[in-house]
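Residues per chain are reported as follows:
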Amino acid sequence: MVDTTPLTEAVDHFADRLRAAPQSRLQRGAAAEALALAREFARWAQRVEEPGTDPREMPDAGMFAAADQILVAAHDLAVVLCSQDQVAEAVRQVEEARRRAGV
């Protein structure tokens, strides 16, 4: 069994920072960064769960939903990861998105 705790902790921190961010920061790109990462994680999980099918795109539910969308996508991804290297890659992506978001 793969320990996905580093991923869930990193994404929980990112989501908390997004929720605490002012609306102006969300509008300046923080929400867009979170949505982009949520979409990437959703595609990743779908490729593992449904190989050979076209992944569905996570919809844009608005800037105030970005924190929840990244949480859902990351927790779905955590269920299908099969190695610590994959967990480390996902954590790296969360940290990079958080830095780009400025939160």
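Worth saying up front: this structure is predicted, and the values here are computed from it rather than measured. (Residues numbered from 1 in each chain as written. Predicted model: local features only at pLDDT ≥ 70, side-chain atom pairs only at ≥ 80, totals over all residues. Heavy atoms only, no water.)

1. Things to note about the overall build of the protein chain
This is how it is decided: A run of H or I in DSSP becomes a helix once it reaches four residues, and a run of E becomes a strand once it reaches two; helices and strands are each numbered from the N terminus. The globule rule is 2.2 Å times the number of residues to the power 0.38, and the radius of gyration it is compared with is taken over C-alpha atoms. Exposure is judged per residue with a 1.4 Å probe applied to protein chains only, and the accessible area is read against the type maximum: over 50% gives exposed, under 20% gives buried, and values in between give partly exposed. Note on contacts: a residue pair is in contact if any heavy atoms of the two residues lie within 4.5 Å. Surface accessibility in these figures is a Shrake-Rupley result with a 1.4 Å probe; residues are shielded only by whichever protein chains are displayed. When charges are tallied, Lys and Arg are placed among the positive residues and Asp and Glu among the negative ones, while His and the ends of the chain are skipped. Note that the charge is assigned to NZ on lysines, CZ on arginines, CG on aspartates and CD on glutamates.
Along the backbone of the protein chain there are four helices and zero strands. For the protein chain, the N- to C-terminal ordering of α and β elements is α-α-α-α. Taking 103 residues into account, the globule formula puts the C-alpha radius of gyration at 13 Å, and the protein chain, at 13 Å, falls close to it. Put simply, the protein chain has 103 residues, and 43% of those count as buried. At a minimum sequence separation of 6, the contacts of the protein chain that also span at least 24 residues come to 81%. On the protein chain, roughly 5700 Å² of surface is accessible, and the fraction owed to carbon and sulfur atoms is 51%. One finds the centroid of the 12 positive side-chain charges in the protein chain at a distance of 8 Å from the centroid of its 17 negative side-chain charges.

2. So, the packing of helix α2 (residues 23–49) against helix α3 (residues 66–80)
The geometry of a pair of packed helices is captured by two quantities: the angle between their axes and the separation between those axes. What counts, and what does not: Lines fitted to the C-alpha atoms define the axes, with helices restricted to the stretch that makes contact. Angles between their N-to-C directions range from 0 to 180 degrees. When an angle is under 35 degrees it counts as roughly parallel; over 145 it counts as roughly antiparallel; between 65 and 115 it counts as roughly perpendicular; any other value is oblique. Should the near helix be turned anticlockwise from the far one by less than a right angle, the crossing is left-handed, and should it be turned clockwise, the crossing is right-handed.
Following both chains from N to C, one finds α2 and α3 inclined at 25°, their axes separated by 8 Å at the closest point. Taken together, the axes of α2 and α3 lie roughly parallel to each other. For the pair α2 and α3, the crossing hand works out as left-handed. Mapping the contact onto sequence places Ala 31, Ala 34, Leu 35, Leu 37, Ala 38, Phe 41, Ala 42, Trp 44, Ala 45, Val 48 and Glu 49 in α2 and Ala 66, Gln 69, Ile 70, Ala 73, Ala 74, Asp 76, Leu 77 and Val 80 in α3.

3. Things to note about the nonpolar core
Heads up, the condition is: By nonpolar core is meant a set of buried Ala, Val, Leu, Ile, Met, Phe, Trp, Tyr and Cys residues that side-chain atoms within 4.5 Å join together.
Residues Leu 7, Phe 14, Leu 18, Phe 41, Ile 70 and Leu 77 are the most contacted members of the largest nonpolar core, which totals 35 residues. Contributing elements (two or more residues each) for this core: α1 (5–20), α2, α3 and α4 (84–101). In terms of residue count, the dominant contributor to this core is α2 (ten residues). Those residues within four positions of Leu 77 in sequence are excluded, and the remaining contacts are Phe 41, Trp 44, Ala 45 and Ala 90.

4. Side note on the pattern of salt bridges
Selection criterion: One side-chain nitrogen of Lys or Arg within 4 Å of one carboxyl oxygen of Asp or Glu is enough to make a salt bridge.
Scanning all chains against the criterion turns up eleven salt bridges. Here Arg 100 makes a salt bridge to Glu 33, at a shortest N to O gap of 2.9 Å. With Arg 100 in helix α4 and Glu 33 in helix α2, this pair connects stretches of sequence that are 67 residues apart. What you see here is one network of salt bridges that share partners, running through Glu 33, Glu 89, Arg 92, Glu 96 and Arg 100.

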